Structure formats: structure tokens, C-alpha cells
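Examining the three-dimensional arrangement
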Amino acid sequence: MSMRKTIIPPALQGVYDRWHFAPAVIARGMIYCSGIIGTSHDGKAPGHRALEGARTTLEKGSDAPIEALQAVRDPKAQFETAFEALRAILNEAGADLPDLVEITTYHVDMARHMAAFVEVKDRYLNEPYPAWTAIGVNELIVPGGLMEIRAIALAPGD
């Protein structure tokens, strides 16, 4: 018998329904988070409403493709929004950023934006640090996306 639980914050229900993937899944005591990019409905930093970009995009039309999402234009704000979105997904699972055990980040134009990314990352992640792999890529699915983060965290109770 499979011991899996799908994690879907209310703002991302449309993502699950329309694009057919879970924001996160809990299995065997771990939370596996799908990749997330810092998005908003207008390209501006959404603050602590980091998941609203996806919700708002899907409200515009149920047939919206993933590429209809809009990346936050300012690089630091985009990275902050991605970490806030990751935090919101983990919170829905009963966890938080200190529960991270591994992150993988995918970067467009990595050399240009890495210093800004590390500055933001270091504000969100404290000791004990998770394992981290950074990978340079040509593009991400969201136009203007500079960084996508996927993560694995300990589930509550472990």
C-alpha cells in the first residue's frame, strides 16, 4: 500500500487541476517539492503572497498554459518570491525551511545572477544547511524565469 499524501496549498489547486502535478508529495517521511519559480500576476514582487501568481494566472482562463505565468522581473525579488513560495508549500505540509535536507536550483545566466541568488538564499536558509546543487540551464518554462528551486524536506514528526 502506498503511503503518499499530496500537498496542495489552496492558491495552487488550479495548478494541480489544470497542469496535473502536485506542488509537493509526502512519502516515507519526506516532502518532495516540485520546482517553483518566483512569479506574480504583474511581474512585480508579491511579498508574502508568493503563490498568487499561479492562482491569478489560472483565474484568467482555465486553459492557460504553464508558460502564461509571469516571472517577477527584479532578480532578487524573483529569488525571494521563490523562497517564499517554497516556504508556503512546506507550511501546507506542516514543515518550514529549516526542515529542508536538499535543494536543487536551476539557473538561467548563472554567472550573472549567482551573487544575488546566494545573498537571498543565505537570508532564507540557516545552519544546519541543506545539501545544494546548482545547475545552469538555457531556459525555464516561465518566460523571464531566472531560477527554479526544487526541494526535499523532512516531513513533520521525523
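Look above for the structure.
Computed from a prediction, not measured in an experiment: that's the story for all the values here. (Residues numbered from 1 in each chain as written. Predicted model: local features only at pLDDT ≥ 70, side-chain atom pairs only at ≥ 80, totals over all residues. Heavy atoms only, no water.)

1. Some points on the nonpolar core
One broad rule of soluble globular proteins: the nonpolar side chains tend to lie buried together. Stated formally: Side-chain atoms within 4.5 Å link the members of a nonpolar core, which is a set of buried Ala, Val, Leu, Ile, Met, Phe, Trp, Tyr and Cys residues. When a residue's accessible area, from a 1.4 Å probe over protein chains only, is under 20% of the maximum for its type it is buried; when over 50% it is exposed; and in between it is partly exposed. Helix numbers and strand numbers start at the N terminus; a helix is a DSSP run of H or I with at least 4 residues, a strand a run of E with at least 2. The contact definition used throughout considers only heavy atoms, calling two residues in contact when any of these lie within 4.5 Å.
Ile31, Cys33, Leu86, Leu90, Leu100 and Ile149 are the most contacted members of the largest nonpolar core, which totals 42 residues. Broken down by secondary-structure element, the contributors of at least two residues to this core are α1 (13-19), β2 (24-27), β3 (30-37), α3 (75-92), β6 (100-108), α4 (110-124) and β8 (147-154). Per-element tally for this core: the top contributor is α3, with seven residues. Excluding residues within four positions of it along the chain, cysteine 33 makes contact with Pro23, Ala24, Leu86, Ile89, Leu90, Arg150 and Ala151.

2. Description of α4
An α-helix turns once per 3.6 residues; consequently, residues spaced three or four apart project the same way. Our working rule: Each residue is assigned a bend, namely the angle between axes fitted to the seven residues that terminate at it and the seven residues that start at it.
Its axis deflected by about 30 degrees at alanine 116, α4 carries its strongest bend there. Buried residues along α4 sit in contact with α3, β6, β7 (131-137) and β8.

3. Considerations on the pattern of salt bridges
Using the following cut-off: Note on definitions: salt bridges are taken to be side-chain nitrogens of Lys or Arg within 4 Å of carboxyl oxygens of Asp or Glu.
Applying the stated criterion across every chain, the model contains six salt bridges. Notably, a salt bridge pairs glutamate 80 with arginine 123, separated by 2.9 Å at the nearest N-O pair. Here glutamate 80 is found in helix α3, whereas its partner arginine 123 is found in helix α4, with 43 residues between them in sequence. Residue glutamate 80 is classed as partly exposed on the basis of its relative accessible area, which comes to 25%. Of the charged contacts, one joins aspartate 122 and lysine 121 as a salt bridge, the two residues approaching to 2.9 Å between their closest N and O atoms. A relative accessible area of 40% places aspartate 122 in the partly exposed class. Here lysine 121 falls in the buried class, since its relative accessible area comes to 11%. Sharing partners across several salt bridges, the network here consists of Glu84, Arg87 and Asp96.

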